[in-house]
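Residues per chain, in single letters:
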Amino acid sequence: MTLPTPNSIDFLNAFKNFSNLSDNAVVLSIVVSEYILYIIIMVLLCADFSRKTLSKVSLIPPDRMPAPHVYQLTVTTGAMFGAGTTSRVAFQLFGSEGTTPIKVLNPGREALVRGSTLHFIMPVRESLGEVMSLRIWHDNSGEGDTSAWFLGNFLVRDVEKDAVTYFCCHDWLSEDKGDGEVQEVVHATPKEGLRSFSNVFTEATTNLFYDHQLWTSALVAPPGSSFTKAQRLSCCFTLLNTMMLASAMWYQTDDTTADTKVYNLGITRFTVEELYTSLMTALTVAPVNLMIVQLFRMEAPLAANTAEMSVIMQGMEKFSPKKIRPPTKANCQGARKKRELSKKSASTLKELLLLFIFVAVLFYIAQANNDQHIFYEKRTLSTTVLRGFDEIRTPDQFYTWAEEVLLPTLYPSTWYNGRKMKFLDRQFAQNTESFRVGPPRLMQVRRRPDVSTWKTGAGLGWSLSVQNMSYSCWRFAVPDLLNHTKFHTLNSTNHHSLDLPLDYDSAVSFFRALKDFEFLDKYTVSMAIDINFYNPSLKLFSVVHLVLDHSGVGELGFERFVDLTAAAWWDECLAHAVGIVVFINTVALLRVVRFSQTIGKLLALPGIMKDELLSFLVVAAVAFISFISAGYLIFGTHLKSYSDLYHTTFALFEMMLGRFFASDMLEANPLIGPIFFSSFMICIFTLLMNFLMSIVCDAISADVDVDHDQDLAEHMWSSVCAKLGLHSPPKKEVQEQGELKLEKLQENLRVIQEQLDESLDICDSFMPSRRRYNLDKPSTSSTPQCEVKIVIQHAEDD
């Protein structure tokens, strides 16, 4: 095996040929156009149209000093369109040892652009302990599409303990997207949840189109990504040029010879040279481009002892920004329900994906051996061996067809130009690429005559020998066959078989002897011809089985007939079994998506219309059987498609689907043919089909409760629409007026409680001993204290 080598460049003479650039003007114009297009797009992408945004590292000032405990927050915004926001975002962290006050990420309404990963430094007075939950919201003050926000991940890192807590949200905080809530309560995600299928799948697919796909992200990349659009465009430009370079390196003329081995995997074909060239091209292109992409994606990690953080700590503001109160009480039950729906939808998608892969593999197995050349092979054999076979009506026509069509096709001796065939070529049927496997075989089925009216005894032709037992035996004898070395006297009760000779002259004399001694007579029920073929180029066996109902020594080849009928029958059984399995598993895909109301009602249709459908099937079966019987009796002796009940059923079923045979019926029987066709179309095609459609439509319009999960269906549909950037306002339940007043009162009480707590903390920091003394000493004025106690009691009850 000689592997191809790459083309070489003569650098000493390469720059001396600029005067001959016109010889390859197409390549030169493509390269120049590529560079010009790259420069134009680069200028457009480098234009800065962005609004005021937060810096990569920002400070969240503490409410009171000192604040020795520092937390590092990392907030990720989604990369899809409309994910960024200019609304003011606030949050609270809840830990095992404390709770943070309300903190604001962007007090000046700085933009949290889509695809951004921002770091915040949050000093606090005391440690929160183990951070367990996060409550985050915004005031919906952004303009237009910037009012909504898609929160990806929220990471909390305790700088002192180096403990990291993850909050995986991946949801919209918006009034018209997602669940219609501008706040979210997120519980800490455990390590098992980070490695779960739902979280990994969400992380892998959320930003696939906007960030991970190199070619599309060059135009739609998020502005907050550290991998800018200009860098992505440069990577695409480098990838395109290295691919062009690799193509020039391995460009060679197609010198594939006949000895080149081609490997066929079913879905593709390749040679060793092609595989080697593809591998070397990949090794040339991939390392360079992967290295450039990874260098652009690299980002220095944020550490607590960096100079940037020290400057931020020194520049703390002396006051806190205005706090943003949460709009309503957090819907913890809704968050829990959404989390359960997300897990359930992930499980459903996983099951659907696995079943779809199984069905796809099953489809491939079912179609792997179905070569399109099989159709051409069948058509070739039909137009050669079966030419004129349908016109046989009498024994004389059969013998004439055998001498003029069958024998010249099976035993060719000359080419189309008159040249004599070689020894091996005579085994191939004329005008085909298949050779005979064994000799053709004649099989006759005879009925027993009345023995009392039949002359018994031996002789030429058919004779009936009455045995001592209760059955008789046929015998057929002619002089030419008795002298044939491979002839065996037929001796059977009702089935008789003959193998044709392997040379043309013997076969001709064989058929003439059969004709002279009346091999086909009035006692013949049917006669069949079986011929086996093998196509070496397709590795395909073919069986030709010709049936006529009542209405050799060679130089090379198989001497005995090889019966492939059973193998062909089992092959048909396998094909039907595989088809049934494919159908059942394809329908099983609907079982996975039964949570949809439409699919659930579709699966419930058979149960809804079972009574009406059973009555209809009885009437339709009686009518169809009647037409089958009538068609077989009327056209059975004139049309092949009505030769038996099976073919008649198939022909009428095709007619019911719209494939008509009106002209054939008219030629077969000009009087009854049009009447049969018209009555069938009126009764079956018009009346019964309309009855069936009426039954189905009534079942569909029936108001029947089906077993489906409407919440899961709406959640999955909204998730798909969100991936595509489509959103619809969520359905909100109308609450009673009393509930709204109670919720507003509870919110006011919670605000009062927070203000009182802050006031007490400030007093405690300035006068701790005075406050402790006042608490120990009984008070003389009871009215203000009673009011305060009442307010605090209500707040605690809240």
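Just so it is clear, the structure is predicted and the values come from calculations on it, not from any experiment.

Looking at the secondary structure, you find Pro 107 in the loop between strand S4 (103-104) and strand S5 (117-124). What makes Pro 107 partly exposed here is its relative accessible area of 41%. For the pair Pro 107 and Val 89, spaced 18 residues apart in sequence, the C-alpha to C-alpha distance is 7.9 Å.

Turning our attention to the UniProt feature "transmembrane region" (unreviewed entry) in the protein chain. The UniProt record marks residues 25-47, 348-366, 574-593, 613-633 and 674-693 with the feature "transmembrane region" (unreviewed entry), using the residue numbering of this structure. Taken as a whole, residues 348-366 contains 100% helix and 0% strand, while its terminal C-alpha atoms sit 26 Å from one another. The span residues 574-593 is 95% helix and 0% strand, and its two end C-alpha atoms sit 30 Å from each other.

One open sheet accounts for four strands, arranged S4-S3-S6-S9; its pairing is antiparallel. Looking along the sheet, the strands with just one partner apiece sit at the ends: S4 and strand S9 (183-187). Of the strand pairs in this sheet, strand S3 (residues 89-95) and strand S6 (residues 131-138) are connected by seven bridges, and their pairing is antiparallel. Directly across from Phe 94, in S6, lies its bridge partner Ser 133.

Moving on, we get to the environment of Val 478. Take Val 478: it is sitting in the loop between strand S15 (472-477) and helix H13 (479-482). A residue is classified by how much of its surface remains accessible, and Val 478, at 0% relative accessible area, is buried. Sequence separation between Val 478 and Leu 460 is 18 residues; the distance between their C-alpha atoms is 5.2 Å. Contacts of Val 478, omitting those with residues within four sequence positions, involve Leu 460, Gly 461, Ala 513 and Phe 517.

One open sheet holds the five strands; their spatial order is S1-S5-S2-S7-S8, and the pairing between them is mixed. Looking along the sheet, the strands with just one partner apiece sit at the ends: strand S1 (57-59) and strand S8 (163-173). Across the sheet, the axes of successive neighbouring strands diverge by a mean angle of 20 degrees, strand direction being ignored. The pairing of S1 with S5 spans three bridges and is classified as parallel. Pairing of Val 57 across the sheet is with His 119, part of S5.

What counts and how
- Residues numbered from 1 in each chain as written.
- Predicted model: local features only at pLDDT ≥ 70, side-chain atom pairs only at ≥ 80, totals over all residues.
- Heavy atoms only, no water.
- Helix = DSSP H or I, 4+ residues; strand = E, 2+ residues; numbered from the N terminus.
- Buried < 20%, exposed > 50% of the residue type's maximum accessible area, 1.4 Å probe, protein only.
- UniProt positions renumbered as here; feature names shortened; annotations may be inferred.
- Pairing = 2+ DSSP bridges.
- Contact = heavy atoms within 4.5 Å.
- Axes fitted to C-alpha atoms, helices over the stretch in contact; angles between N-to-C directions.

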